[in-house]
Amino acid sequence: MPRREMDCLLEEVLAINKYLEEEIKEKGILIEGHYTGEMDVLKSEFNRVLSMLYEREVQLEEDEIEIDKYSRQLKSKNSELINRQSELEAAHSQLKAYTEEMERMNIELNRRVEELKNLFHFSQEVTSNFDKYELLRIALKDIVPFINSSFGAVFVSKEKGLRLVDTYYRDSATFSIIEPLAKRIISRGYLNYDISLEDVQIHTDIEKTPKFYKILKDKLIEKFKSMALVPVLDKNKHIVAFIVLLGEYIDENEKYLLSCYSNVLSIALENAKLYDDINKMFFDTVKVLANAIEVKDMYTKGHIDRVTDYSVAIAKKMNFEKKQLEKIKIAAALHDIGKIGVPDEILNKPAKLSEDEFNVIKLHPLKGYEIIKDIPALKDISVHVKQHHERIDGKGYPEGLKKEEISLEAKIISVADAFDAMTSDRPYRKGMNFKKAADILSNNKGSQFDEYVVNVFLNYLEENDNII
Ligand SMILES: [Fe+2]
């Protein structure tokens, strides 16, 4: 190679050398100044450097392509990520909405469960009760707090209008506002109001309803914004009772629940009526049996009715429950049923009885017991019939029982029986006046008669102006 060409090559090598100074340094190939060695070595070295440079260029290009590829992938991943994030955000808000809906449904479900529980409890309470007024009171006390009203009133439907049975207040503030109105209704006896309702009515803005405004006036309208009218119908769709509820937020949602209460109450009232009818029928049958004695014993006309009335009056003053009252009423009506087994000539003898005859008469409580003890509906009361001639001091008959050994019902019938026997006219003597008979009862307290029963009876006679 000519010298000139070599110099050019050397210059180029040096330029490249400078560019790759560091790398070439590492490889230990440093070319400086004029080269004086073998041309072949220089060429070979140049080719090696050139080839290394080429490889580096290729590598760079490949890296660039790779970087570009990664960059595109990265962009694509990024956009995918952004999409995913939006999807996630959408899913999250949907989940949040579902959760809220679930919570709302859960609250609603809990509310419905509570409603059903309350309704079930109410059904159980009212189906085991057969007193019409008691049923209406139970209904009012159950419904008012449950539907979040402040005041409730329950009426029974009579020919003259609605008669107030009971009221229920949630708080004393409500009581002070509404009490004068309740008193006014009670003093009038009946509330005349157009009650041709067939279903529950909810009024959420009563101040704008003139007919309510007229009844409730300013004070009540200010306190209560809403009102529910709940008719209780019989099977012929006639109103038998009526419940009025006042509150701030009674709304249409309560309508279904109130209808359920009304239906349950309607069935309970119908059952109570049937129960009363059956009881009346049963008592009528008992009366037929009891009257058989009055036919046989000509001196005791009206005696059974009066003894029954006195006995029931004493029992009421002693706060007997309805069922106990029914039992003492039957026991009193049947107390002398055993006289059926006493011969007429002894029973109706106008003169004083011999000892033997009196001993026959004394068997009547036991005979009465024997007659009715095997009748399931009369089994309970047969004991009272047997004991109605027992005395507190044990000198009575047929068993000579004392004090607590004698049933309270028998003690009551004993006082009622003795008082009516003393005050009734007989063919052979005139009945004594109430005052004298009451004194005799009083003087025999603790010996023949139970002291407490006599005191209650004397109080009853005083309260009813029966001169004592
Ligand atoms: Fe008797």
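Criteria and thresholds
Residues numbered from 1 in each chain as written. Predicted model: local features only at pLDDT ≥ 70, side-chain atom pairs only at ≥ 80, totals over all residues. Heavy atoms only, no water. Helix = DSSP H or I, 4+ residues; strand = E, 2+ residues; numbered from the N terminus. Contact = heavy atoms within 4.5 Å. Areas by Shrake-Rupley, 256 points an atom, 1.4 Å probe, with all protein chains shown as cover. Donors = N, O, S within 2.8 Å, 3.2 Å for Na, K, Ca; no water. Tetrahedral: all angles 85-135°; square planar, octahedral: opposite > 155°, others 65-115°. Buried < 20%, exposed > 50% of the residue type's maximum accessible area, 1.4 Å probe, protein only. Pairing = 2+ DSSP bridges. Arc of directions from axis to C-beta. 1 Å grid on protein atoms, 1.4 Å probe; cavity = no way out; pocket = protein on both sides within 12 Å on 5 of 7 lines; lining within 4 Å. Points joined across faces, edges and corners; volume = space filled by probe spheres on them. Nonpolar A, V, L, I, M, F, W, Y, C, P; charged D, E, K, R; others polar. Core = buried A, V, L, I, M, F, W, Y, C linked by side-chain atoms within 4.5 Å.

*Asks:* How do you make sense of the overall build of the chain when you look at a structure like this?
*Replies:* Along the backbone of the chain there are 16 helices and 5 strands. Once local pairs closer than 6 in sequence are excluded, the contacts in the chain between residues at least 24 apart make up 59%. When the accessible area of the chain is evaluated, it comes to approximately 28100 Å², of which 53% is carbon and sulfur surface.

*Asks:* Help me understand the coordination of the iron ion in this model?
*Replies:* For a metal with four donors in a tetrahedral arrangement, the ideal angle between donors is 109.5 degrees, while six donors in an octahedron ideally sit at 90 or 180 degrees. Protein-derived ligands of the iron ion are Asp336 (OD), His364 (NE2), His388 (NE2) and His389 (NE2), with the metal-ligand distances lying across 2.1 to 2.3 Å. Around the iron ion sit 4 donor atoms; with metal-centred angles ranging over 82 to 169 degrees, the donor geometry is irregular. Binding-site remark: the iron ion is held by donors from one chain whose sequence spacing is D-x27-H-x23-H-H. Within this pair, whereas His364 is found in helix α12 (residues 364-372), its partner His388 is found in the loop between α13 (379-386) and α14 (408-423), the two being separated by 24 residues in sequence. Neither His364 nor His388 differs from the other in exposure class; each is buried.

*Asks:* How should I be thinking about the pairing of strand β5 (residues 239-247) in this particular structure?
*Replies:* Successive side chains on a regular strand alternate, one facing one side of the sheet and the next facing the other. Most of β5 sits inside the fold, with 8 of its 9 residues counted as buried. As defined by bridge partners, strand β1 (residues 151-158) adjoins β5 across 6 bridges and the pair is classed as antiparallel. Residue pairing across strands places Val154 opposite Ile243, the latter belonging to β5. Bridge count for strand β4 (residues 226-233) against β5 is 8 bridges, and the pairing is antiparallel. Bridging from a neighbouring strand, Val232 pairs with Ala241 of β5. Adjacent in sequence and paired antiparallel, β4 and β5 are bridged by 5 residues, among which Lys237 carries a positive phi angle near 70 degrees.

*Asks:* Before we go on, may I ask you to explain α12 in this structure?
*Replies:* An α-helix turns once per 3.6 residues; consequently, residues spaced three or four apart project the same way. Along α12, the positions that sit buried rather than exposed are His364, Pro365, Gly368, Tyr369 and Ile372. Looking straight down α12, one finds its buried side chains confined to an arc of 145 degrees; they lie on one side. Where α12 is buried, its residues meet α11 (355-361) and α13.

*Asks:* Got a minute to help me understand the layout of surface pockets in this structure?
*Replies:* Once rolled over the atoms, a probe with the size of a water molecule shows which space is left empty. What the largest pocket holds in volume is close to 1000 Å³. The greatest single-element share of the lining of the largest pocket, amounting to 5 residues, is contributed by α14. Here the lining of the largest pocket is built from residues that sort into 15 nonpolar, 9 polar and 12 charged. Roughly 490 Å³ of internal volume is contained in the second largest pocket.

*Asks:* Honestly, the nonpolar core in this entry has me stumped. Any pointers?
*Replies:* For soluble globular proteins, nonpolar side chains are generally found buried alongside one another. Grouped together as the largest cluster of nonpolar side chains are 43 residues, with contacts concentrated most on Leu334, Leu441 and Phe457. Within the residue set of this core, elements represented by two or more residues are α7 (254-296), α8 (303-317), α9 (322-333), α13, α14, α15 (434-443) and α16 (451-463). Ignoring sequence-local partners within four residues, the contact set of Leu441 consists of Val415, Ala418, Phe419, Met422, Phe449, Val454, Phe457 and Leu458.

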